[in-house]
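Chain and residue survey
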Amino acid sequence: HSDCSANPRAVLVTRTYVARTVQAGHSLYTYAQCPQAFSSIMLACQKKLALLCGCCCTVTALRTPKPLPIARRDLFRATAAAIVLPKPAAAATTVAAAKAALLDAIPATATGAPATNATLPRTVAEKISACADTLDAAAAMGDTASNKQLDGSWRLVYSDAPEITNLAKLPLGFQLGPVRQPFSLQSKTFENQGEILHVTHLIHGSTRVVGDFDRAARGTLNAAGVVNDRGDRVDVFFRRVVFEIDAPVAIKTVVEPKADPSLARPAVDTVYLDDSLRVTRGGDGSLFVLTRDADPVPMLTTTQRQELYGEASQDVVSGA
């Protein structure tokens, strides 16, 4: 609903965003497939790299051993040196290097919004995608869907998902600001939070996608046909999408996504995760790069969620 009858232009802007929301609802983090839900309202509102360096060398010493010929002794020493090379440390360095390369490839934006392949030169976008694949291959993580490092708030710094790239150029002077995604493993809830800015600095708005998630069963397929064989996937359930403008007039629109049974359930694969970086692939294979948020926005409380669910809302069909 909205309270903006006195401002026809505000009504026009609101209706434009709501219409885009319904249009984008069909593709409702894919922004984690959660970011996917975020964008819909904004358009209105690895096999395991188990590097097993197990080298077992048993030397039985004789009381009066015969000295090895020089050539054989040198060969033995060279072989032993090769065996004890710190392969795990080398692998860790590769992961660290791959992580650094990915982060270095992503430029910051003036508004704090995520960079996208629509706003960057093609060569840069391709480099980011290649760096993400390199990091995924080097780390070869598994079972990230229940990793405690998921907890907390994350900030989207890059994505090539259509639902995000379509927000690169908003109409009427509006601009996308920072995009956040807080997760709670305890309550199995998440939100996609986005700030809406304006070139005049006179209008400020926000979007909030409220949803739940659960660990996906192994062996399941996402919309891109990728099998969940690494235990890194969560299924997401969108409950509400809220678009608000708090200045100069108060406008609020609530949308209730409805799952399309003919479409794959929205899901997200966390292909890399540590305490400061999270790289995910949406159900359609889109890339999302998120860093730990230094300035998180709290999620709604349980009570606030229940109150939101009780508000009048519009329906929109969603899926992967």
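The rules behind these values
Residues numbered from 1 in each chain as written. Predicted model: local features only at pLDDT ≥ 70, side-chain atom pairs only at ≥ 80, totals over all residues. Heavy atoms only, no water. Helix = DSSP H or I, 4+ residues; strand = E, 2+ residues; numbered from the N terminus. Buried < 20%, exposed > 50% of the residue type's maximum accessible area, 1.4 Å probe, protein only. Areas by Shrake-Rupley, 256 points an atom, 1.4 Å probe, with all protein chains shown as cover. Salt bridge = Lys/Arg side-chain N within 4 Å of Asp/Glu carboxyl O. Phe/Tyr/Trp six-rings, centres within 6.5 Å; stacked < 30°, edge-to-face > 60°. Core = buried A, V, L, I, M, F, W, Y, C linked by side-chain atoms within 4.5 Å.

**Considerations on the overall build of the protein chain**
- Per the secondary structure count, the protein chain includes 7 helices and 11 strands.
- Here the protein chain holds 320 residues, and the buried ones make up 43% of them.
- Carbon and sulfur atoms make up 57% of the accessible area of the protein chain, which amounts to about 16,000 Å² in all.

**Side note on the pattern of salt bridges**
- Counted according to the given criterion, the structure contains 18 salt bridges.
- Its salt-bridge partner being Asp143, residue Arg218 comes within 2.8 Å of it at the nearest N-O pair. Of this pair, Arg218 sits in the loop between strand 5 (204-215) and strand 6 (233-247) while Asp143 is found in the loop between helix 5 (122-139) and strand 2 (152-159), placing the two residues 75 residues apart along the sequence.
- A relative accessible area of 34% places Asp143 in the partly exposed class.
- Arg239 is paired through a salt bridge with Asp212; the nearest N and O atoms lie 2.7 Å apart. You can see Arg239 sitting in strand 6 and its partner Asp212 sitting in strand 5, a full 27 residues away along the chain.
- The structure contains a network of salt bridges with shared partners spanning Asp136, Arg230 and Asp232.

**Things to note about the packing of aromatic side chains**
- In total, this model carries 3 aromatic pairs according to the counting rule given.
- Seen from their ring centres, Phe183 and Phe213 are 4.8 Å apart, and the 50° between their planes marks the pair as tilted. Residue Phe183 is found in strand 3 (residues 174-184), and its partner Phe213 is found in strand 5; the two are separated by 30 residues along the sequence.
- Under the relative-accessibility criterion, Phe213 is labelled buried at 5%.
- Aromatic side chains Phe190 and Phe238 sit 6.2 Å apart centroid to centroid with 80° between the ring planes, which places their arrangement in the edge-to-face category. One end of the pair, Phe190, is in strand 4 (residues 189-198); the other, Phe238, is in strand 6, with 48 residues separating them in the sequence.

**Overview of unusual backbone geometry**
- For Leu172, which is not glycine, the phi torsion reads 60° and is therefore positive.
- Tracing the sequence through the fold places Leu172 in the loop between helix 6 (162-165) and strand 3.
- A positive phi is found at His201, a non-glycine position, where the angle reads about 65°.
- Within the element layout of this structure, His201 appears in the loop between strand 4 and strand 5.

**A closer look at the nonpolar core**
- Leu156, Leu176, Phe190, Phe213, Val234, Val236 and Phe288 are the most contacted members of the largest nonpolar core, which totals 30 residues.
- Taken together, the elements giving at least two residues each to this core come down to strand 2, strand 3, strand 4, strand 5, strand 6, strand 7 (251-259), strand 8 (267-273) and strand 10 (287-292).
- If you look at the next biggest cluster of nonpolar residues, it comprises 21 residues, including Val95, Ala115, Cys131 and Val289.

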